[in-house]
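Summary of structural features
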Amino acid sequence: MTTPAAIPDLLPTAPGAGGAGAPTRQSPIANRKSQDPLWVRVTLTALALGCMTVLVIVPVVSVFYEALSDGLGTYWKTLTADPDTRHSVLLTLTVAPLAVLCNLVFGVAAAWAITRFRFRGRTLLVTLIDVPFSVSPVVAGLMFVILFGLQGFFGPWLRANGLQVLFTVPGLVLATTFVTLPFVARELIPVMEAIGPDEELAALSLGASGRQIFWRVTLPNIKWGLLYGIILCNARAMGEFGAVYVVSGRVAGETCTMPLQVEMLFNEFNTPGAFALASVLTMLAVVTLLLKVWVEGRKKQDSPQRHESHTKEHKEE
Amino acid sequence: MAQANTRVLPGYRLSISFTLVYLSVLVIIPLGACVITAAQLSWDQFRAAVWTERARAAYALTFGAALLAAAISAVVGLLVAWVLVRYEFPGKRVFDALVDLPFALPTAVAGLVFSNLYVANGWLGQFLVPLGIEGSYSRLAIVLVLVFIGFPFVVRTLQPVLEALDAEAEEAAALLGASRWQTFRRVILPALMPGLLTGFALAFARGLGEYGSVVFVSGNMPLKTEIAAFLIVSRLEEGRPNSYREATAIATVLLVASFLMLIVINRLEARSRRG
């Protein structure tokens, strides 16, 4: 909760929309703040910022410091000269979007089924969607080795048909999709639950087809929530390590995604190379954060009253 | 929730069947295959696989480090959430956004950086190593990197709770003569407890399975700094006829642990929603 001066860019239309909750909430906050003595406030703020500095800021700064320590020219050369590194960037840019696309379609379908209909086992389904979050990525990778490995369930059949899943791009996509499965669905379910089916029912009664309802009514309502889910899903997909570590076989220049290539370079004592590639991943993470802040702003601007009580993530203020 | 009890809207069959097929292919069948494979071992083989000295050391380290890191995360997360919600300071919005960085940063990068910061000539290691604090290639290193990964869970679960806290209860406590500290302990902390526990449980669950960052910082020495996930990978890579079944057996132990955590988290979340 900052003074209104700090958030004008987020709430340009504040009087109509954001004004609803603001006045009632601001006065108690102001009172509360006066309750902690100054020294407590200063000490706690210093401690918190100290923790944040040691845990987050120093590591991020040091990535770029290490990557750029020999100058920009060397940095660029380290990054682009190694064909394996170049390949890892391309591979990540292939695998992550494919995994995101799968989970995007799944997320929309699951959210539609769960929030628009009542059926037996609905709660169980919601829990099942969460399962990948609580399975260790290494175990996730192992599951696919069990299914598709030579000694595994489908291994002999795949081999007989000249197919291979492990150590190939489809295997990487599969493992990444599993690990990032809940992101879009988890984001959409509370959003669609909060919006309710009224507008869609109205469209239906006016004779809209299923497709028209989705594209003209549902999608415009959920677009920011959807984008938010995609951003989180993509960040995790690009950074996934444990699961792809197990299914990839780690063949440099073939099945090493960017995070795997970082580990490869690190193990070869190629610290400059590892940090150069790590700096690219860090930049992607920073871009993710910026996009996230932007989308959160748009989401609230679109419907401040709708999402307020439901979003589990933090609020902007 | 006066929702469509009758299935008026279109797409029920399509969306539910797609959801079920997708979840079956990606979640249920792979999990089932894992359990079936572990079950192919006889009880003695299973016990021999999951209860070696090396495996026991790995479980103890995995659970211990995740537990300790989650506890530290709870304290740090409470502190950061409190300051971000209650106080004003320059750059607050930047700090708020930075809390999410550990979510967005690939764990391999976190591992690489942390392993480099705490070595004897690293930025932080140069001060800590002379004091005997080995923050690299040690158990402490694992805890440190797990705190980095875990504390945002606590901040993000507590922030909404702190914002929604009823100011009147605090004011009433103050009016009745409670000191600020008493108000915190007796009024604020109990209200935060469910959220704090949920954040703790989320951080703990994440720490149990974490691999990418730990593999860089710990040194992975059997019996000393080897976590359960690393043991699974090394068993898998041994390539003996039965070694992948043994890996699966250890994985099953981890799976059971994480499902227990999932149940606990669901209970906690349900309770904090009601409270």
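Keep in mind the model is a prediction, meaning the values are calculated, not measured. (Residues numbered from 1 in each chain as written. Chains lettered and ligands numbered in written order. Predicted model: local features only at pLDDT ≥ 70, side-chain atom pairs only at ≥ 80, totals over all residues.)

Concerning the overall build of chain B
Which entries qualify depends on this criterion: Starting at the N terminus, helices and strands are each numbered in turn, a helix being any DSSP run of H or I of at least four residues and a strand any DSSP run of E of at least two. Burial is judged by counting the other C-beta atoms within 10 Å of a residue's own C-beta: 20 or more makes it buried, 12 or fewer makes it exposed, and any count in between marks it as partly exposed, with every C-beta position built from the backbone. By definition, residue pairs are in contact when their C-beta atoms, positioned from the backbone, come within 7 Å.
Looking only at helices and strands, chain B features 13 helices and zero strands. Starting at the N terminus and walking to the C terminus, you meet the elements of chain B as α-α-α-α-α-α-α-α-α-α-α-α-α. Across the 275 residues in chain B, those meeting the buried criterion constitute 48%. Here the contacts in chain B between residues at least 6 apart in sequence split such that 76% fall between residues at least 24 apart.

Details of the interface of chain B and chain A
Test applied: Note that Gly is not counted as nonpolar here; it falls among the polar residues with everything else outside the nonpolar set of Ala, Val, Leu, Ile, Met, Phe, Trp, Tyr, Cys and Pro and the charged set of Asp, Glu, Lys and Arg.
Across the contact, 84 residues belong to chain B and 81 residues belong to chain A. It is helix α1 (residues 12-39) of chain B that provides the largest number of residues to the side of chain B that touches chain A, a total of 14 residues. Across the side of chain B that touches chain A, the residue classes break down as 60 nonpolar, 14 polar and 10 charged.

Some points on the domain arrangement of chain A
Residues and elements named next belong to chain A. The condition is simple: Boundary definitions for the domains trace back to an automatic or database domain assignment.
Domain boundaries assigned for chain A yield domain 1 (27-68) and domain 2 (72-307). Taken over C-alpha atoms, the centre of domain 1 sits 31 Å from the centre of domain 2. At the junction of the two partners, domain 1 supplies six residues and domain 2 supplies seven residues. Looking at the side of domain 1 that touches domain 2, its residues break down into five nonpolar, no polar and one charged.

Quick look at the packing of helix α9 (residues 182-195) of chain A against helix α11 (residues 210-239) of chain A
Residue and element names in this part refer to chain A. Our working rule: Axes, fitted as lines to C-alpha atoms, cover a helix only where it is in contact. Angles between the N-to-C directions of the axes lie from 0 to 180 degrees. Roughly parallel refers to an angle under 35 degrees, roughly antiparallel to one over 145, roughly perpendicular to one between 65 and 115, and oblique to any angle outside these ranges. Each crossing gets its hand from how the near helix is turned against the far one by less than a right angle, where anticlockwise is left-handed and clockwise is right-handed.
At a minimum axis separation of 8 Å, α9 and α11 run at an interaxial angle of 165°. In this view, α9 runs roughly antiparallel relative to α11, as classed from their interaxial angle. The chirality of how α9 crosses α11 is right-handed. Of the residues in α11, those in contact with Phe-183, Val-184, Glu-187, Leu-188, Val-191, Met-192 and Ile-195 of α9 are Asn-221, Ile-222, Gly-225, Leu-226, Tyr-228, Gly-229, Ile-230, Leu-232, Cys-233 and Arg-236. Here the contact of α9 with α11 is composed, by residue class, of 12 nonpolar, three polar and two charged.

Here's the deal with the environment of Leu-165 of chain B
All names here are of chain B. With respect to the element layout, Leu-165 can be found in the loop between α8 (139-164) and α9 (167-175). Residue classification places Leu-165 among the partly exposed residues on the basis of 18 C-beta atoms within 10 Å. Sequence separation between Leu-165 and Arg-186 is 21 residues, and the spatial gap between their C-alpha atoms is 14 Å. Setting aside chain neighbours within four positions, we find Leu-165 in contact with Ile-188 and Ala-191.

Regarding α8 of chain B
Residue and element names in this part refer to chain B. This is how the line gets drawn: One less than the residue count of a helix, multiplied by 1.5 Å, gives the span that helix is expected to have. Note that the bend at a residue is defined as the angle between axes fitted to the seven residues ending at it and the seven residues starting at it.
Spanning 26 residues, α8 covers 38 Å between terminal C-alpha atoms, matching the ideal 38 Å at 1.5 Å per step. In the structure, α8 departs most strongly from a straight axis at Phe-148, where the bend amounts to approximately 35° and where the proline Pro-152 lies between one and four residues downstream. In terms of burial, α8 is largely enclosed, as 21 of its 26 residues are buried.

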